[in-house]
Amino acid sequence: MIGYRAADQATPAQVLAEVEATVARLVAEAMDGPDGAIVAACTRAQAFVRGWWGEPPTPPYAPEDPG
(Lines give C-alpha, C1' and ligand atoms only; values in the text may rest on other atoms or scores of the structure.)
Protein backbone atom coordinates (compact mmCIF):
# COMPACT_ATOMS: atom_id res chain seq x y z
CA MET A 1 0.00 0.00 0.00
CA ILE A 2 1.27 3.41 -0.86
CA GLY A 3 -0.17 6.63 0.40
CA TYR A 4 0.87 9.95 -1.05
CA ARG A 5 -0.06 13.53 -0.42
CA ALA A 6 1.22 16.04 -2.94
CA ALA A 7 2.24 19.59 -2.21
CA ASP A 8 -0.56 22.08 -2.89
CA GLN A 9 1.25 23.59 -5.88
CA ALA A 10 2.45 20.28 -7.36
CA THR A 11 1.67 19.78 -11.02
CA PRO A 12 0.24 16.48 -12.23
CA ALA A 13 3.61 15.71 -13.82
CA GLN A 14 5.39 16.31 -10.51
CA VAL A 15 2.95 14.09 -8.65
CA LEU A 16 3.34 11.28 -11.17
CA ALA A 17 7.14 11.58 -11.12
CA GLU A 18 7.22 11.38 -7.32
CA VAL A 19 4.86 8.40 -7.23
CA GLU A 20 6.88 6.66 -9.94
CA ALA A 21 10.11 7.20 -8.00
CA THR A 22 8.51 5.94 -4.78
CA VAL A 23 7.13 2.80 -6.41
CA ALA A 24 10.47 2.09 -8.11
CA ARG A 25 12.32 2.49 -4.79
CA LEU A 26 9.91 0.21 -2.93
CA VAL A 27 10.08 -2.47 -5.62
CA ALA A 28 13.89 -2.31 -5.67
CA GLU A 29 13.99 -2.63 -1.86
CA ALA A 30 11.68 -5.65 -1.99
CA MET A 31 13.69 -7.29 -4.78
CA ASP A 32 16.84 -6.97 -2.67
CA GLY A 33 15.27 -8.67 0.37
CA PRO A 34 17.48 -11.49 1.68
CA ASP A 35 14.48 -13.84 1.98
CA GLY A 36 12.88 -12.83 -1.31
CA ALA A 37 10.67 -10.05 -2.57
CA ILE A 38 7.41 -11.33 -1.04
CA VAL A 39 8.86 -11.60 2.46
CA ALA A 40 10.51 -8.19 2.14
CA ALA A 41 7.26 -6.59 0.96
CA CYS A 42 5.27 -8.26 3.75
CA THR A 43 7.82 -7.19 6.35
CA ARG A 44 7.59 -3.59 5.11
CA ALA A 45 3.78 -3.75 5.14
CA GLN A 46 3.84 -5.17 8.66
CA ALA A 47 6.03 -2.29 9.84
CA PHE A 48 3.66 0.17 8.18
CA VAL A 49 0.61 -1.35 9.86
CA ARG A 50 2.39 -1.52 13.22
CA GLY A 51 3.21 2.18 12.90
CA TRP A 52 -0.43 3.12 12.43
CA TRP A 53 -2.37 0.59 14.48
CA GLY A 54 -0.04 -1.11 16.95
CA GLU A 55 0.96 -4.75 16.74
CA PRO A 56 -0.28 -6.50 13.58
CA PRO A 57 -2.26 -9.72 13.78
CA THR A 58 -0.40 -12.92 14.47
CA PRO A 59 -0.84 -16.38 12.89
CA PRO A 60 -3.18 -17.76 11.71
CA TYR A 61 -4.23 -14.28 10.45
CA ALA A 62 -0.72 -13.29 9.37
CA PRO A 63 2.42 -15.25 8.51
CA GLU A 64 4.99 -15.78 11.21
CA ASP A 65 7.74 -13.18 11.38
CA PRO A 66 10.71 -14.51 9.36
CA GLY A 67 13.16 -12.70 11.63
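Residues numbered from 1 in each chain as written. Predicted model: local features only at pLDDT ≥ 70, side-chain atom pairs only at ≥ 80, totals over all residues. Heavy atoms only, no water.

**What to know about the overall build of the protein**
Stage number 1. If you tally the helices and strands in the protein, you get two helices and zero strands.
Stage number 2. Counting only residues that meet the buried cut, the protein has 10% of its 67 residues in that class.
Stage number 3. Summed over its atoms, the accessible surface of the protein is roughly 5700 Å², and 62% of this surface lies on carbon and sulfur atoms. (Helix = DSSP H or I, 4+ residues; strand = E, 2+ residues; numbered from the N terminus. Buried < 20%, exposed > 50% of the residue type's maximum accessible area, 1.4 Å probe, protein only. Areas by Shrake-Rupley, 256 points an atom, 1.4 Å probe, with all protein chains shown as cover.)

**A look at the pattern of salt bridges**
Stage number 1. Applying the stated criterion across every chain, the model contains two salt bridges.
Stage number 2. As a salt-bridge pair, Arg 25 and Glu 29 come within 3.1 Å of each other at their nearest N and O atoms. Residue Arg 25 and its partner Glu 29 are both found in helix H1 (residues 12-31); the two are separated by four residues, about one turn of the helix.
Stage number 3. Salt-bridge contacts for Arg 44 lead to Glu 29; the nearest nitrogen and oxygen are separated by 3.5 Å. Taken as a pair, Arg 44 in helix H2 (residues 37-53) and Glu 29 in helix H1 lie far apart in primary sequence, 15 residues in all.
Stage number 4. For Arg 44, a relative accessible area of 44% gives the class partly exposed.
Stage number 5. On the basis of relative accessibility, which here comes to 37%, the residue Glu 29 falls in the partly exposed class. (Salt bridge = Lys/Arg side-chain N within 4 Å of Asp/Glu carboxyl O.)

**Quick word on H1**
Stage number 1. Compared with an ideal rise of 1.5 Å per residue, which puts 20 residues at 28 Å, H1 spans 28 Å between its outermost C-alpha atoms and is within 8% of the ideal.
Stage number 2. Within the span of H1, buried status applies to Thr 22, Leu 26 and Ala 30. Across the axial projection of H1, the buried residues extend over an arc of 70 degrees, all falling on one side. Away from its buried face by more than 90 degrees, H1 exposes Ala 13, Leu 16, Glu 20 and Met 31. (Expected span 1.5 Å × (residues − 1). Arc of directions from axis to C-beta.)

**Quick notes on a nonpolar patch on the surface**
Stage number 1. A cluster of nonpolar side chains, Val 23, Val 27 and Met 31, forms an exposed patch at the surface whose accessible area comes to about 270 Å².
Stage number 2. Take Met 31: it is sitting in helix H1. (Patch = residues over 30% accessible without salt bridge, like charges linked within 9 Å, V, L, I, M, F, W, Y side chains within 5 Å.)

**Things to note about the environment of Ala 41**
Stage number 1. Positionally, Ala 41 belongs in helix H2.
Stage number 2. A C-alpha to C-alpha distance of 8.3 Å links Ala 41 and Glu 29, two positions twelve residues apart in sequence.

As far as function goes, none of this settles anything; it's purely spatial.
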